[in-house]
Amino acid sequence: MMLASRTLTPLACAAVLLCSCAVGPDYVRPVAPAPQTYKEAQGWQPATPQDSLPRGNWWAVFDDTALDALMHRVDIDNYNIQTAEAQYRQARELTAQASAALLPSLNTRVAQTRTRGTSNSTLLHSNLQNNFSALLLASWELDLWGSLRRSREAASAAEQASAADLESARLSARAQLAASYFQLRALDAQYRLLNETVAAYERALQITRNRLAAGVVTTADVAQAQSQLQSARTSLLDSGLSRAQTEHAIALLVGRAPADFALAAATLTSATPEVPTDLPSTLLQRRPDIAAAERRMATANARIGVAVAAFYPSLTLSGQGGFQSNTYADRFSLPNRIWSVGPQLAGTLFDGGARSAAKRQAEAAYDAEVATYRQTVLTAFGQVEDNLVALRVLAQEQGTQEAARDAAKTSLDSVANQYRAGTVTYLNVVQAQTTLLAAERSLLDIRNRRLAASVGLVKALGGGWEVPAGS
């Protein structure tokens, strides 16, 4: 036993020194394509991902208590978020398993057997034999080439990617909820507008019928008024359908069955928040999908090291000690003590190119993750630009559309007076009313699109444009 200890001591020391080596490439974040400035916001500069930066309750800028209550519910009851959270816990435990592989394992084994065999003298005579053993077994794979450390590195990066996926699920659900909520409120406003329009068209139809009875107009005027009224009623029904479906979508986001969920109609009070023209580059760093893509590159890089380490032999130190006896009474006596200890070196001499193929596969997987990361960064810049230009142009559109709506109102008042004076036909009234309704519906649509673009910018920036403390 002493001789074995003296022999293993230098071997163990050499193994410890070798354990500081890890084959395979060390991870360096690849450069992603990025513009020097944003086209729509000249004060922004590109930066590197940093998903740990705070986001806060970005939806508070819309100042809507009903939306705030829904946001708290989506954090708790949304099943996509719950799925991502469970997947994150799985990834965390895989990291724990990979870390445990670096440590020695210790096991115990207790066995008792009773066998019957034949004696050497005669086949007719048999004997019974008892055998009892109690052993403690220890094993430790020395990580000479860094295979286990690379595996832990890959698992840790995958865990961080899963954490970013969880944050991405939260951000996506919140953004989808906000967009759906504003769509619902826009449909509420449209429904009220169409209700008022139907009521106005009903009054117009009655007036036209009265004028027909007085012989002032023809039946064609009444038919036109009836057609216009029915078209407005159809639009009203369609608006109710869209409103119901949007409400159902919100129910699913907050983890409720549509039959058990309802939102009362309300006025769209949220105004489009102002976006600062000069923001720090750290905002885009918070995008969780960029952080997840970057961490998956690190995972793929570490797996190249695992594949390279497979070309080298593995060294395992193992030992066992305990007692073994064929009599129950003296099973723990000193003469029945047994032990063994020693290293085991194992390596593959020929595998038909399997390890080389595994290494090339790992390298190709890394290249794919690099391309995915770069595309994710590029997409992020594109999404920011898209929503910034949408906010800028839609603000201009809202101004021109308000002017168009006001002009349509003036035109309708003028045409209505001319019709009552008998200088124009009812077709002119119908056209003026149709123009005004289209202008008002278009204005509602622009307001909703501006809010949707604000939510889109929030999502594109990884969670709002409020500057974190210390940024």
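Scroll up for the structure.
Here the structure is a predicted model, which is why all the values come from computation and not from measurement. (Residues numbered from 1 in each chain as written. Predicted model: local features only at pLDDT ≥ 70, side-chain atom pairs only at ≥ 80, totals over all residues. Heavy atoms only, no water.)

Peer 1: What am I meant to see in the overall build of the protein chain here?
Peer 2: For the protein chain, the helix and strand inventory stands at 9 helices and 4 strands. Walking the protein chain from its N terminus toward its C terminus, one meets helices and strands in the order α-α-α-β-β-α-α-α-α-β-β-α-α. Counting across all 471 residues of the protein chain, residues that qualify as buried make up 39%. Across the protein chain, every contact between residues at least 6 apart in sequence was considered, and the portion connecting residues at least 24 apart equals 82%. Accessible surface for the protein chain amounts to roughly 25,300 Å². Of this, 56% is attributable to carbon and sulfur atoms. (Helix = DSSP H or I, 4+ residues; strand = E, 2+ residues; numbered from the N terminus. Buried < 20%, exposed > 50% of the residue type's maximum accessible area, 1.4 Å probe, protein only. Contact = heavy atoms within 4.5 Å. Areas by Shrake-Rupley, 256 points an atom, 1.4 Å probe, with all protein chains shown as cover.)

Peer 1: Even after reading the chapter, I still don't get the side chain of Asn301, so can you show me in this structure?
Peer 2: Inspection of the secondary structure puts Asn301 in helix α7 (residues 288-309). At 2.9 Å, the side chain of Asn301 and the backbone oxygen of Pro25 are in polar contact. Those residues within four positions of Asn301 in sequence are excluded, and the remaining contacts are Pro25, Asp26, Tyr27, Glu153 and Tyr366. (Polar contact = N/O pair within 3.5 Å; in protein donor to acceptor, adjacent residues only side chain to side chain.)

Peer 1: Would you explain the packing of helix α4 (residues 147-213) against helix α9 (residues 426-460) in this entry?
Peer 2: In a packed pair of helices, the relevant descriptors are the angle between the two axes and the axis-to-axis distance. Here α4 crosses α9 at 170°, and the two axes come no closer than 9 Å. Judged by the angle between their axes, α4 and α9 are roughly antiparallel. (Axes fitted to C-alpha atoms, helices over the stretch in contact; angles between N-to-C directions. Parallel < 35°, antiparallel > 145°, perpendicular 65-115°, else oblique.)

Peer 1: Looking at this structure, I do not really get the side chain of Ser133. What am I missing?
Peer 2: Locating Ser133 in the fold gives a position in strand β2 (residues 126-142). Once residues within four sequence positions are removed from consideration, Ser133 is found in contact with Arg109, Val110, Ala111, Phe323 and Gln324.

Peer 1: Help me understand helix α3 (residues 79-100), please; the structure alone is not making it clear to me.
Peer 2: Note: α-helices contain 3.6 residues per turn, so residues at a spacing of three or four share the same orientation. Between its first and last C-alpha atoms α3 spans 32 Å; for 22 residues at 1.5 Å apiece the expected length is 32 Å, and the two agree. Three or more residues of α3 are buried, namely Ile81, Ala84, Tyr88, Ala91, Thr95 and Ala98. On an axial view of α3, the arc spanned by its buried residues comes to 95°, and they lie on one face. Exposed residues lying more than 90 degrees from the buried face of α3 are Tyr79, Gln90 and Gln97. Residues of α3 that are buried in the fold lie against α2 (65-77) and α4. At the N-terminal boundary of α3, the capping side chain belongs to Asn78, with an oxygen 3.0 Å from the backbone nitrogen of Asn80. (Expected span 1.5 Å × (residues − 1). Arc of directions from axis to C-beta.)

Peer 1: Before we go on, may I ask you to explain the environment of Ala161 in this structure?
Peer 2: Within the fold, Ala161 resides in helix α4. Since its relative accessible area comes to 1%, Ala161 is described here as buried. In sequence terms Ala161 and Ala91 are 70 residues apart; their C-alpha atoms lie 9.0 Å from each other. With residues up to four places along the chain from it excluded, the contact list for Ala161 reads Ala292, Arg295 and Arg296.

Peer 1: Even after reading the chapter, I still don't get the packing of aromatic side chains, so can you show me in this structure?
Peer 2: Any aromatic ring pair is given by two values, namely how distant the centres are and how the planes are angled relative to each other. Per the stated rule, a full pass over the model turns up 5 aromatic pairs. An angle of 65° between the planes, with centres 5.8 Å apart, marks the rings of Tyr181 and Phe182 as edge-to-face. Between the aromatic rings of Tyr419 and Tyr426, the centroid separation amounts to 5.2 Å while the plane-to-plane angle is 65°, which identifies the pairing as edge-to-face. Judged by its relative accessible area of 7%, Tyr419 is buried. Tyr426 gets classed as buried once you look at its relative accessible area, which sits at 3%. By way of ring pairs, the aromatic residues Phe62, Tyr181 and Phe182 are connected into one cluster. (Phe/Tyr/Trp six-rings, centres within 6.5 Å; stacked < 30°, edge-to-face > 60°.)

Peer 1: Can you help me understand the environment of Leu128 in this one?
Peer 2: Position of Leu128 relative to the elements: it lies in strand β2. Placed 14 residues apart in sequence, Leu128 and Arg114 show a C-alpha to C-alpha distance of 7.1 Å.

Peer 1: Help me understand the pattern of salt bridges, please; the structure alone is not making it clear to me.
Peer 2: Where charged atoms from two side chains of opposite charge come close, those side chains can pair. Per the counting criterion, the structure on display carries 19 salt bridges. Across the pair Arg89 and Glu85 runs a salt bridge, and its minimum N-O distance is 2.9 Å. With a gap of 4 residues between them, Arg89 and Glu85 both fall in helix α3, about one helical turn apart. By relative accessible area, Glu85 is classed as partly exposed at 29%. A salt bridge links Arg233 to Glu202, with the shortest nitrogen-to-oxygen separation between them at 2.8 Å. Taken together, the residues Arg233 in helix α5 (residues 219-253) and Glu202 in helix α4 connect sequence positions 31 residues apart. Take Arg233: its relative accessible area is 31%, and that puts it in the partly exposed class. We classify Glu202 as partly exposed; its relative accessible area is 36%. Salt bridges sharing partners connect three or more residues here, namely Arg185, Asp188, Arg243 and Glu247. (Salt bridge = Lys/Arg side-chain N within 4 Å of Asp/Glu carboxyl O.)

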